[in-house]
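Descriptive structure summary
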Amino acid sequence: MQRIDRKSAAAILLPLSWSPVVESATASAPVNIALAKYWGKRDEELHLPVTDSFSVALDHHTTTTVRQAIASDDITLNSIPLPTDSPFYIRCVKFLDLARPSPSFFFSIATTNTVPTAAGLASSASGFAALTLALNTFFGWNLNRQKLSCLARLGSGSACRSVYTGFVRWQKGSSPDGSDSYAIPYDDWWPELNLAILMLSPQEKPISSRQAMRLTVETSPVYALWPEQVVKDTIAIMTGIRERNFPAFGQAVERNALMMHATMFTSTPPVCYWLEKTISSMNMVWQARKQGVELYFTMDAGPNIKLLYLQQDAQSVLSYFPQARAVTLLP
Ligand code: PMV
């Protein structure tokens, strides 16, 4: 297959030349939680996924301000300057290179997250989406949402879903340049849907999701089953939302997360993000379900659990999991 580098992929989205049209620009983007996961890339460089994925936005945001800097890129996260050798600084600069009008142009980036640091919610998706939106205003690009979604994807795959609120579907696309791999909003909302975070460990992951993704695609025999499963799960999730069929929705969401972890367990070497507390909490969810509480979970590349339930079950869920922290979903 024809390979396209990030600069060329970005050049398809951006105008021929640009310079700042304002002194500073600020934008916000929501955190999103995948209900059908993005797990595996068909193109590592452009973050093009093997499958579609489907997410819901949370009422937690990253807000980013972009300015021009004098001598080098400076990036602050929650008012603390990022060391220039930190992995996140390096990733941001690599992304900023796509927007840099000339090699002697530098950026000053100030980013704040409303996500409590210990909540275990990934902020790279909201972070790259907010940065993309702020750059769009800073340079007056006037890109439409589709292009903004593609550009955010070049920072972090799941960031392409954070340019929208509500339920969002990232369609994988098929073009080698990624121009048809962007998110689209799903035109339905479920006001009774609730999500709570079960924070089991604030510790740093033993292996990044990026590395784990690559390893599973390359070595897990179970990965061959994944693409077809995601199609089935995504359809079941979207139908569950349309028909307000919570058990069908919850089963598909939970199965999808477990299947993603099954691809990790079966990779060489195996990857396991679960802790004993993760397993006992899953058992507790299944126990609660047996006792008639409609409760399901999802989890990402980490040990923490996100509980999903309807408003009518909120009291019972919190009696099983008093330490769970309910988070507002954003239509
Ligand atoms: O966008 P990345 O590279 O941070 O990968 C996200 C992977 C998962 O969070 C596990 C799944 C998803 O769809 O968000």
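Preceding this section is the structure that the text describes.
In short, a report on the structure. (Residues numbered from 1 in each chain as written. Predicted model: local features only at pLDDT ≥ 70, side-chain atom pairs only at ≥ 80, totals over all residues. Heavy atoms only, no water.)

It is worth spelling out the overall build of the protein at this point. A tally of helices and strands in the protein yields 9 helices and 13 strands. Taking 2.2 N^0.38 as the reference for a compact globule, 331 residues should give roughly 20 Å; the C-alpha atoms of the protein span a radius of gyration of 20 Å, in line with that estimate. Summarising its shape, the C-alpha atoms of the protein cover approximately 65 × 40 × 40 Å along the three principal directions. The proportion of buried residues among the 331 residues of the protein is 55%. Taking all contacts inside the protein whose residues are at least 6 apart in sequence as the whole, residues at least 24 apart take part in 76%. In the protein, the 28 positive side-chain charges and the 26 negative ones have mean positions that sit 1 Å from each other. (Helix = DSSP H or I, 4+ residues; strand = E, 2+ residues; numbered from the N terminus. Rg over C-alpha atoms; globule rule 2.2 N^0.38 Å. Buried < 20%, exposed > 50% of the residue type's maximum accessible area, 1.4 Å probe, protein only. Contact = heavy atoms within 4.5 Å. Lys, Arg positive; Asp, Glu negative; His and termini not counted. Charge placed at Lys NZ, Arg CZ, Asp CG, Glu CD.)

What follows covers the environment of Ser316. Among the structural elements, Ser316 can be located in helix α9 (residues 314-320). Judged by its relative accessible area of 27%, Ser316 falls in the partly exposed class. In sequence terms Ser316 and Ala288 are 28 residues apart; their C-alpha atoms lie 8.8 Å from each other.

Look at helix α1 (residues 6-13) against helix α4 (residues 145-155): their axes get within 10 Å of each other, and the N-to-C directions meet at 165°. Put simply, α1 runs roughly antiparallel to α4. Relative to α4, α1 is oriented so that their crossing is left-handed. The residues of α4 that touch α1, namely those facing Arg6, Ala9, Ala10, Ile12 and Leu13, are Lys147, Cys150, Leu151 and Leu154. (Axes fitted to C-alpha atoms, helices over the stretch in contact; angles between N-to-C directions. Parallel < 35°, antiparallel > 145°, perpendicular 65-115°, else oblique. Left-handed = near helix turned anticlockwise from the far one by under 90°.)

A few words now on α1. Listed in full, the buried residues belonging to α1 are Arg6, Ala9, Ala10 and Leu13. An end-on view of α1 places all buried positions within 95° of arc, on one side of the element. At its buried positions, α1 is contacted by α2 (87-99) and α4. (Arc of directions from axis to C-beta.)

Turning to unusual backbone geometry, a few remarks are in order. Cis geometry is adopted by the peptide bond preceding Pro269, which originates at Thr268 and carries an omega value of -5°. In this fold, Pro269 is placed in the loop between α7 (246-265) and α8 (276-290). Positive phi outside glycine occurs at His47, with the angle close to 55°. Structurally, the position occupied by His47 is in the loop between β2 (41-43) and β3 (48-49). Overall, the relative accessible area of 4% leaves His47 in the buried class. Look at Arg244: it is not a glycine, yet its phi comes out positive at around 55°. Position of Arg244 relative to the elements: it lies in the loop between α6 (226-243) and α7.

Quick look at the site of the ligand now. The immediate surroundings of the ligand are formed by Ala34, Lys37, Tyr38, Trp39, Ser124, Ser156, Gly157, Ser158, Arg161, Met213, Asp300 and Ala301. Within the side chain of Ser156, one N or O atom sits 3.1 Å away from an oxygen atom of the ligand. Gly157 has a polar backbone atom sitting 3.5 Å from an oxygen atom of the ligand. Built from parts of two domains, the shell around the ligand gets at least three residues from each of domain 1 (6-185) and domain 2 (193-327). (Near = heavy atom within 4 Å. Polar contact = N/O pair within 3.5 Å; in protein donor to acceptor, adjacent residues only side chain to side chain. Domains from an automatic or database assignment.)

A few words on the environment of Pro331. Looking at the secondary structure, you find Pro331 in the segment after β13 (325-327). The class for Pro331 is exposed, based on a relative accessible area of 57%. The spacing of Pro331 and Pro15 is 316 residues in sequence and 32 Å in space, taken between C-alpha atoms. Leave out the neighbours within four places in its chain, and Pro331 touches Thr165, Gly166 and Trp189.

Here we take up the nonpolar core. Formed by 64 residues in total, the largest nonpolar core has its most connected members in Trp39, Phe107, Leu135, Phe139, Trp141 and Leu151. Ranked by residue count, the leading element in this core is helix α3 (residues 124-138), at 8 residues. Here this core spans two domains, and each of domain 1 (6-185) and domain 2 (193-327) adds at least three residues to it. Among the nonpolar cores identified, the runner-up in size contains 28 residues, and Phe54, Leu58, Phe167 and Trp190 belong to it. (Core = buried A, V, L, I, M, F, W, Y, C linked by side-chain atoms within 4.5 Å.)

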